[in-house]
Amino acid sequence: MIWNETIECASREYLSELQSKRLRDCVSRVYHNVPYYRTRMQEAGILPGDIKTIEDIVKLPFTNKQDLRDNYPFGTFAVPTSEIVRIHASTGTTGKPTVVGRTRKDLSIWAECVARALTLSGVTKEDIVQVAYGYGLFTGGLGIHYGVENLGAAVVPASTGNTKKQIQLLQDFGTTAIACTPSYALYLADTIKDMGLDPKKDLKLRVGIFGAEPWTEEMRNEIENKLNIKAHDIYGLSEIMGPGVACDCDYQNGLHVCEDYFFPEILNPETGEPCKDGEVGELVFSSFIEGMPLLRYRTHDLSKIIPGQCQCGRTTRRIAKLMGRCDDMLIIRGVNVFPSQVESVLLSMPEATPHYMLTVDRKGLFDSLTIQVEIKEELYSDNVKDLENFQKKIKSNIESVLGISVIVQLKAPKSLPRFEEGKAKRVIDNRK
Ligand code: DLL
């Protein structure tokens, strides 16, 4: 099933016509209503009339998180605050939060995009969807919530944490779909097992809608097997809207972007030059919405456009599963390391579990990467020789992928942190 066939199966010409019109409207509105944009466009010597088609978007200056912070809290709103009906904010780790304001129309666009994402995930109005993303300033909970209602499925607004209660709801309500972070899905799966329950027999879950943090294909397999579900990837960021900017379909080969409202570009993060389809770079999004449209917002997320058309019949462009953030990349002794590379290696080994932590230290001029990983309960024994062999094998597999030497420490089952609330934090960089 397709939620909005007119858009999701539109021809390139139709879409690019629509994008051009929405871009023109947006540029004219922000130029006249947002001093920040007017100044930036004047500095770049651009007038709204210079932006005629979607291809002209490259003439516009970029927007960065810092620009939003500099205009904290409401300085980038493009409508009077009386038109704003919802405010969200992302806390970030340092500095002021970034604040976004949505109009009533924006909320209906958002609910449309999330309904599309849920339909992409195979959710229908027959489903009972447990939303275990946080409700509050974070966009995950409320964003998915209204999408589920728009679709006509039943929403269970469970929010985060309280895992035993979540499992009770899964059982008693016969929940068929769950939306949460992939790290929480993993925690949920382990807790279900510890409680002596079998998802196949004791639950009706059949689909998961997971996002808000990076996760690998290997992690997807792990979650699908443990929970006996199909696991879909949903992407978004609060600045652009929240969850529902893109989501993957039945074919799980890239995430379809709601590109009638959210226009993606992939650029070389260093030069800002466009990447060709299929080439990895930084995702830059423009949002054609009302309350706080953004022009060429640098997400710092890494992905690529998947060339060609999807077998599902939708024509909307797909971005590859997110590869992490440019700022998540660790440079260790001059070598670029992505945490996702370590996750892929660990999860492709039968000995290792998806529970791991990376710590980077600096002694003098020498950087070291320590990987702590829990090994499977059934393999964890007092036999030092066995453990030594696992440790050597994991070390050599990781080193051959990363190209640097690493320290591997095997940990007892259930000894590393779990992520019951919020986003997983698996990297500690002591050099900062
Ligand atoms: O995480 C919105 C969201 C909620 C998306 C629920 C999906 C599900 P922020 O808190 O603003 O918004 O964080 C946005 O999270 O720039 C990415 O770095 C990361 N992220 C979000 N979805 C994915 C994903 C929400 N599917 C930031 N894969 C983004 C990888 C993701 N990273």
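The model shown is predicted, which means the values in this text are computed figures rather than measured ones. (Residues numbered from 1 in each chain as written. Predicted model: local features only at pLDDT ≥ 70, side-chain atom pairs only at ≥ 80, totals over all residues. Heavy atoms only, no water.)

Peer 1: Any chance you could explain the packing of helix α8 (residues 182–194) against helix α10 (residues 217–227) here in plain terms?
Peer 2: Any two packed helices are characterised by the angle at which their axes cross and by the distance between the axes. Taken N-terminus to C-terminus, the directions of α8 and α10 make an angle of 35°; their axes are 10 Å apart at the nearest point. At the point where α8 passes α10, the crossing takes the left-handed sense. Seen from α8, the contacting residues are P182, A185, L186, A189, D190 and I192; seen from α10, they are M219, E222, I223, K226 and L227. For the contact of α8 with α10, the class distribution of residues is eight nonpolar, no polar and three charged. (Axes fitted to C-alpha atoms, helices over the stretch in contact; angles between N-to-C directions. Helix = DSSP H or I, 4+ residues; strand = E, 2+ residues; numbered from the N terminus. Left-handed = near helix turned anticlockwise from the far one by under 90°. Contact = heavy atoms within 4.5 Å. Nonpolar A, V, L, I, M, F, W, Y, C, P; charged D, E, K, R; others polar.)

Peer 1: Is there a simple way to think about the pairing of strand β12 (residues 294–303) in this case?
Peer 2: The buried fraction of β12 is high, at nine of ten residues. With five bridges joining them, strand β11 (residues 281–287) and β12 adopt antiparallel strand pairing. When the sheet's bridge partners are listed, E282 is paired in β12 with L302. Hairpin connection, β11 to β12: the antiparallel pair is bridged by six residues. (Buried < 20%, exposed > 50% of the residue type's maximum accessible area, 1.4 Å probe, protein only. Pairing = 2+ DSSP bridges.)

Peer 1: Just to check I follow, could you spell out the side chain of T98 for this structure?
Peer 2: Secondary-structure assignment places T98 in strand β2 (residues 98–103). The exposure class of T98 is buried, given its relative accessible area of 2%.

Peer 1: What is the right way to look at the pattern of salt bridges in this model?
Peer 2: Side-chain pairs of opposite charge can arise where the charged atoms are in close proximity. Applying the stated criterion across every chain, the model contains 32 salt bridges. Taking the shortest distance from any N to any O, the salt bridge between D127 and R206 comes out at 2.7 Å. Linking D127 in the loop between α5 (104–120) and β3 (128–131) with R206 in the loop between α9 (199–202) and β6 (207–211), this pair joins segments that are 79 residues apart in sequence. Classification of D127 by relative accessible area gives buried; the value is 5%. Under the relative-accessibility criterion, R206 is labelled partly exposed at 36%. What you see here is one network of salt bridges that share partners, running through R22, E112, R116 and D260. (Salt bridge = Lys/Arg side-chain N within 4 Å of Asp/Glu carboxyl O.)

Peer 1: Explain unusual backbone geometry to me, please; I cannot follow it from the model alone.
Peer 2: A negative phi holds for most residues other than glycine; trans holds for most peptide bonds. The omega torsion across Y72 and P73 is -10°, close enough to zero to call that bond cis. Locating P73 in the fold gives a position in the loop between α4 (65–70) and β1 (84–90). Positive phi is not limited to glycine here, since N228 has a value of about 60°. The residue H300 is not glycine, and still its phi comes out positive at about 70°. Secondary-structure assignment places H300 in strand β12.

Peer 1: Quick question: what am I supposed to make of α5 here?
Peer 2: Note on helix geometry: an α-helix contains 3.6 residues per turn, so any two residues three or four positions apart are oriented the same way. Between its terminal C-alpha atoms α5 stretches 24 Å, which fits the 24 Å expected from 17 residues at 1.5 Å a residue. Burial runs high along α5: 13 of the 17 residues are buried. Positive backbone phi, at 85°, marks G122, one or two positions downstream of α5. (Expected span 1.5 Å × (residues − 1).)

Peer 1: I'm lost on the nonpolar core in this one. Help?
Peer 2: When a protein is soluble and globular, its nonpolar side chains tend to lie buried together. L23, Y235, F262 and I319 are the most contacted members of the largest nonpolar core, which totals 73 residues. Residue contributions to this core peak at eight residues, all from α5. Setting aside residues up to four positions removed in sequence, I319 forms contacts with Y235, A246, G254, L255, V257, L283, S303, K304, I305 and I306. Listed in part, the 24 residues of the second largest apolar core include A352, I371, L387 and V406. (Core = buried A, V, L, I, M, F, W, Y, C linked by side-chain atoms within 4.5 Å.)

Peer 1: It is not clear to me how helix α7 (residues 163–173) should be interpreted in this structure. Could you clarify?
Peer 2: Of all the positions in α7, only T163, Q166, I167, L169 and L170 are classed as buried. The buried side chains of α7 occupy one side of the element, clustering within an arc of 155° when seen end-on. Turned more than 90 degrees away from the buried face of α7, the exposed residues are K164 and D172. Elements that come into contact with the buried residues of α7 comprise β3, β4 (154–156), β5 (177–180) and α8. With its phi angle positive at about 65°, G174 sits one or two positions after the end of α7. (Arc of directions from axis to C-beta.)

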